[in-house]
Amino acid sequence: MCSELFSGSNTGINFEKYDDIPVEATGQNCPRHIESFQDVDMGEIVMGNIALSRYTRPTPVQKYAIPIVKSKRDLMACAQTGSGKTAAFLLPILSQIYTDGPGEALNAAKASGQPPSPKLINIYSLRPCVVYGGADIGQQIRDLERGCHLLVATPGRLVDMMERGKIGLDHCKYLVLDEADRMLDMGFEPQIRRIVEQDTMPHKGVRQTMMFSATFPKEIQILARDFLEEYIFLAVGRVGSTSENITQKVVWVEESDKRSFLLDLLSATGKDSLTLVFVETKKGADALEDFLYREGYACTSIHGDRSQRDREEALNQFRSGKCPILVATAVAARGLDISNVKHVINFDLPSDIEEYVHRIGRTGRVGNLGLATSFFNDKNGNITKDLLDILVEAKQEVPSWLESLAYEHQHKSSNRGRSKRFSGGFGARDYRQTAAGGNTGGFGGRGGRNQTGHGGTRGFGGGEDLVFSYN
Ligand code: AMP
């Protein structure tokens, strides 16, 4: 079972380029970053799993985040999917759980007269549970009733469970908000505040809180201010999108020619390679899947009208290579970790550059080599300038027609500059560092960068952990 879990991942990693990604850590008494997993003791179990996962060295976000989380500091990290951020928070959290044991949660279970779950006693069998919408709630409840140390939840379904009295958050020690910007984009802020601020979850400063977000707009800054205590801010240079390990091609294709162009691309792609095709609408996804199917291609699709079960089924078929072509809408494909996508095709380009960056980040994951091809025509005028900037930044070939178009476009709307979010190759900057940063939450200026010395003296008693994700 173990060998199945750990097989097949992380081949062809091109760390030479990946290692150059800049990371900036700010905030008071920032713990020193590590260079190798051996620089920090996360205990036998976690270290063993790192070896089994064949993670030979930490990714840039891991080098910084692991010691920060281990020192019990709150963390706001601007890092993308694909940067290794999941392991960056999960490994040190798991290590802490194994070290501290279930603590208060076990006492609470005893006090309430519940027979203590053997799982709670045997710290080696840590129980994770998932709670997400679109799947059978009864099954999820039954699973929870067997005990849970680590909960991965979407905000809507979690609120539902709390209101049914199926989940109490009294003993939550670690709170992680992953892809926080996407959760807010999807309108989950009321649910997130309901969970974190209006129930029994321990307050900030008592629990340890980590937030991850690709960008750091105003709404996320406010959430960080409200949820985090004296946090370290990490800005991780963008990976995937700008790195040269993704070859980005932009081709001019009229709407009416898109299908035949796609067939040409697919026939040029190796049979074993996974190809992800992005379209704008659910209807478009269905229509294209039908078309490809009729043309003899083994393909599948995911979009917002598909049930969770159908999506999982489609994903499994894709991952396993049974259907090596996946047609997807942007929302449905967010956050997916499909590590060996060779080719991302923007059949329909998105209207904003962040979405473009996010999509092409599905290929070239953690240093693997990838290809992204985008069909461009008159409809895509609004993305011209940003797209050009991205191509230049990533040292990609820029078609001359795109350059002229961007030039025309800039002169038409001279006040429209490049997206500030991407300045300096980072997803964002620590707003506490700027004079206009508003409430500094007790941080004056630039805190000691990469310094050691946080005592980590908060007395956590043990309990549950909560990881939010949006999809
Ligand atoms: P994430 O950014 O968390 O979505 O991770 C992207 C992918 O990177 C996942 O498939 C991880 O298994 C993989 N990964 C994470 N950390 C490492 C590492 N240190 N070495 C190699 N692969 C990694």
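All values reported here derive from a predicted model rather than from experimental measurement.

## As for the overall build of the protein
Then step 1. A tally of helices and strands in the protein yields 19 helices and 14 strands.
Then step 2. Counting only residues that meet the buried cut, the protein has 53% of its 471 residues in that class.
Then step 3. Sequence-distant contacts in the protein: of pairs separated by 6 or more residues, those separated by 24 or more amount to 77%.
Then step 4. Accessible area of the protein: about 21,000 Å², with a carbon and sulfur share of 49%.

## Describing the sheet that holds strand β12 (residues 341–346)
Then step 1. Spatially, six strands are ordered β8-β13-β12-β9-β11-β10 in an open sheet, and the strand pairing comes out parallel. The open sheet has two free edges, formed respectively by β8 (246–252) and β10 (299–302), since each of these has just one partner strand. On average, each strand axis in the sheet is inclined to that of its neighbour by 20°, with strand direction left out of account.
Then step 2. Sheet topology places β10 next to strand β11 (residues 325–329); four bridges connect them, and they run parallel. Bridge pairing in β11 links threonine 300 to leucine 326.
Then step 3. In this fold helix α13 (residues 258–268) packs onto β8, β9 (274–279), β11, β12 and β13 (370–376), with an angle of close to 165° to the strand it touches most, β13.
Then step 4. With respect to the sheet, helix α17 (residues 353–360) is in contact with β8, β9, β12 and β13, its orientation differing from that of β12 by roughly 155°.

## A closer look at the UniProt feature "domain: DEAD-box RNA helicase Q" (unreviewed entry) in the protein
Then step 1. UniProt feature "domain: DEAD-box RNA helicase Q" (unreviewed entry): in the numbering of this structure it lies at residues 35–63.
Then step 2. Counted over residues 35–63, helix gives 48% and strand 0%. Its end C-alpha atoms are 6 Å apart.

## So, the packing of α17 against helix α18 (residues 384–393)
Then step 1. Put simply, α17 and α18 touch, their axes get as near as 9 Å, and they point 40° apart. Judged on the interaxial angle alone, α18 and α17 are oblique. Contact residues: α17 offers Ile353, Tyr356 and Val357, while α18 offers Asp386, Leu387, Ile390 and Leu391.
Then step 2. Taken together, the residues of the contact of α17 with α18 sort by class into six nonpolar, no polar and one charged.

## Considering the packing of aromatic side chains
Then step 1. Counted by the stated rule, this structure contains seven aromatic pairs.
Then step 2. Ring plane angle 50° and centroid distance 5.8 Å describe the contact between phenylalanine 347 and phenylalanine 375, whose orientation is recorded as tilted. Taken together, the residues span a long stretch of sequence, with phenylalanine 347 in the loop between β12 and α17 and phenylalanine 375 in strand β13 at a distance of 28 residues.
Then step 3. Overall, the relative accessible area of 10% leaves phenylalanine 347 in the buried class.
Then step 4. Of the aromatic side chains, those joined through ring pairs into one cluster are Trp252, Phe376 and Trp401.
Then step 5. Geometry around phenylalanine 347 places lysine 258 over its ring, the cationic atom sitting 5.5 Å from the centre.
Then step 6. Across from the ring centre of phenylalanine 291, 4.6 Å away, lies the NZ or CZ of arginine 259, which sits over that ring.

## What about the pairing of β10?
Then step 1. Judged by which residues are buried, β10 turns out to be covered on both faces: Cys299 and Ser301 on one side and Thr300 and Ile302 on the other are all buried.
Then step 2. Handedness of the crossover joining β10 and β11 through helix α15 (residues 308–319): right-handed.

## Describing the packing of helix α11 (residues 189–197) against helix α12 (residues 218–227)
Then step 1. Remark: α11 packs on α12, axes separated minimally by 12 Å, with the N-to-C direction vectors making an angle of 10°. Our classification of the angle between α11 and α12 gives roughly parallel. Within the contact between the two elements, α11 uses Glu189, Ile192, Arg193, Val196 and Glu197 and α12 uses Ile222, Leu223, Asp226 and Phe227.
Then step 2. Here the contact of α11 with α12 is composed, by residue class, of five nonpolar, no polar and four charged.

## Here we look at the pattern of salt bridges
Then step 1. Applying the stated rule across the entire model yields 21 salt bridges.
Then step 2. Between lysine 166 and glutamate 145 there is a salt bridge whose closest N-O contact spans 4.0 Å. Here the residue lysine 166 occupies a position in the loop between α9 (155–163) and β5 (172–177), and glutamate 145 occupies one in helix α8 (residues 137–145), the gap between them amounting to 21 residues.
Then step 3. Exposure remark for glutamate 145: the relative accessible area of 57% places this residue in the exposed category.
Then step 4. One salt bridge connects arginine 359 with glutamate 355, and the closest N-O pair in it is separated by 3.2 Å. In this pair, arginine 359 and glutamate 355 both sit in helix α17, four residues apart, roughly one turn of the helix. When sorted by exposure, arginine 359 lands in the same class as glutamate 355, which is buried.
Then step 5. Salt bridges sharing common partners tie together Glu189, Arg193, Glu197, Arg225 and Asp226.

## As for α8
Then step 1. Among all positions in α8, only Ile137, Gly138, Gln140, Ile141 and Leu144 are buried. Considered in projection along α8, the buried side chains sweep an arc of 160° and stay on one side of the axis.
Then step 2. Summarising the contacts, the buried residues of α8 are in contact with β3 (128–131), β4 (150–153) and α9.
Then step 3. A side-chain oxygen of the first residue of α8 lies 3.2 Å from the backbone nitrogen of glycine 138; this N-cap is aspartate 136.
Then step 4. Just downstream of α8, glycine 147 is the residue with a positive phi angle, here 105°.

So, how was this worked out
- Residues numbered from 1 in each chain as written.
- Predicted model: local features only at pLDDT ≥ 70, side-chain atom pairs only at ≥ 80, totals over all residues.
- Heavy atoms only, no water.
- Helix = DSSP H or I, 4+ residues; strand = E, 2+ residues; numbered from the N terminus.
- Buried < 20%, exposed > 50% of the residue type's maximum accessible area, 1.4 Å probe, protein only.
- Contact = heavy atoms within 4.5 Å.
- Areas by Shrake-Rupley, 256 points an atom, 1.4 Å probe, with all protein chains shown as cover.
- Pairing = 2+ DSSP bridges.
- Axes fitted to C-alpha atoms, helices over the stretch in contact; angles between N-to-C directions.
- UniProt positions renumbered as here; feature names shortened; annotations may be inferred.
- Parallel < 35°, antiparallel > 145°, perpendicular 65-115°, else oblique.
- Nonpolar A, V, L, I, M, F, W, Y, C, P; charged D, E, K, R; others polar.
- Phe/Tyr/Trp six-rings, centres within 6.5 Å; stacked < 30°, edge-to-face > 60°.
- Lys NZ or Arg CZ within 6 Å of the ring centre and 35° of its normal.
- Right-handed = clockwise from strand over helix to strand, strands pointing away.
- Salt bridge = Lys/Arg side-chain N within 4 Å of Asp/Glu carboxyl O.
- Arc of directions from axis to C-beta.
- Polar contact = N/O pair within 3.5 Å; in protein donor to acceptor, adjacent residues only side chain to side chain.

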